[in-house]
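Structural description and commentary
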Amino acid sequence: MTAHPDADVDLTAMLAVVACPEDQQTLAVAPKALIERLNALIGDRALRDRSGNLVGEPLDAGLVRADGQRLYAVRDGLAVLLIEEGIALDDDDRALLAG
């Protein structure tokens, strides 16, 4: 079983049944370093979702689109797969996907 260390959900099982709501790309579990970076931005009130709203709640985990362009939050064991709540990833974020 592969679960994010801070989540009470088996994210691998979730990946078998979900896809990006925008274009159906596959999703992968975001590395802990990326979640920590995004949560720091949330704490600084510096992270916005696709619709331009500030992301106000920390992420428990995240699911990253195959092209590395977008992340969908996982909170309380549920993936928030709403296009407008997707988080755009920049080059610094994508650098964390490789490591």
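Right, let's walk through the structure included here. All values reported here derive from a predicted model rather than from experimental measurement.

Scanning the chain from terminus to terminus reveals 3 helices and 5 strands. Mapped from its N terminus to its C terminus, the chain presents α and β elements in the order α-β-α-β-β-β-β-α. Burial analysis of the chain (99 residues in total) assigns 34% to the buried set. Long-range contacts, defined here as pairs at least 24 residues apart, represent 53% of the contacts in the chain between residues at least 6 apart.

To continue, consider the pattern of salt bridges. Counted according to the given criterion, the structure contains 8 salt bridges. Arginine 50 serves as the salt-bridge partner of glutamate 22, at 2.7 Å between the closest nitrogen and oxygen. Here arginine 50 lies in the loop between helix 2 (32–43) and strand 2 (61–65) and glutamate 22 lies in the loop between helix 1 (11–15) and strand 1 (27–29), a separation of 28 residues in the sequence. With a relative accessible area of 40%, arginine 50 lands in the partly exposed category.

Take the packing of helix 2 against helix 3 (residues 91–98) next. Packed helix pairs are characterised by how far apart their axes lie and by the angle those axes make with each other. Direction vectors running N to C along helix 2 and helix 3 enclose 155°, while the axes themselves pass 8 Å from each other. It follows that helix 2 is roughly antiparallel to helix 3 by the angle criterion. Residues Ala33, Leu34, Arg37 and Leu38 of helix 2 touch helix 3, and the partners they reach there are Asp92, Asp93, Leu96 and Leu97.

The residue aspartate 60 is located in the loop between helix 2 and strand 2 in this model. At 2.6 Å, the side chain of aspartate 60 and the backbone nitrogen of aspartate 76 are in polar contact.

Note that aspartate 93 resides in helix 3. Among all residues touching aspartate 93, those that are not within four sequence positions of it are Leu34, Arg37, Leu38 and Ala88.

Below, the discussion takes up the nonpolar core. Counting 14 residues, the largest nonpolar core has Leu34, Leu38, Leu59 and Leu71 as the members making the most contacts within it. In terms of residue count, helix 2 provides more of this core than any other element does, 4 residues in total. One finds Leu11, Met14, Leu27 and Val74 within the second-largest nonpolar core, a separate group that totals 8 residues.

Of all 5 residues in strand 2, 5 are buried; the element is thus mostly enclosed. Alternating positions in strand 2 separate into two faces, Ala61, Leu63 and Arg65 on one and Gly62 and Val64 on the other, with burial throughout. With 3 bridges connecting them, strand 1 and strand 2 associate as antiparallel partners. Within strand 2, the position partnered with leucine 27 by the bridge is arginine 65. Judged from the 4 bridges that link them, strand 2 and strand 3 (residues 70–75) form a sheet pairing that is antiparallel. Bridge pairing in strand 3 links leucine 63 to tyrosine 72.

Reading the values: rules and limits
- Residues numbered from 1 in each chain as written.
- Predicted model: local features only at pLDDT ≥ 70, side-chain atom pairs only at ≥ 80, totals over all residues.
- Heavy atoms only, no water.
- Helix = DSSP H or I, 4+ residues; strand = E, 2+ residues; numbered from the N terminus.
- Buried < 20%, exposed > 50% of the residue type's maximum accessible area, 1.4 Å probe, protein only.
- Contact = heavy atoms within 4.5 Å.
- Salt bridge = Lys/Arg side-chain N within 4 Å of Asp/Glu carboxyl O.
- Axes fitted to C-alpha atoms, helices over the stretch in contact; angles between N-to-C directions.
- Parallel < 35°, antiparallel > 145°, perpendicular 65-115°, else oblique.
- Polar contact = N/O pair within 3.5 Å; in protein donor to acceptor, adjacent residues only side chain to side chain.
- Core = buried A, V, L, I, M, F, W, Y, C linked by side-chain atoms within 4.5 Å.
- Pairing = 2+ DSSP bridges.

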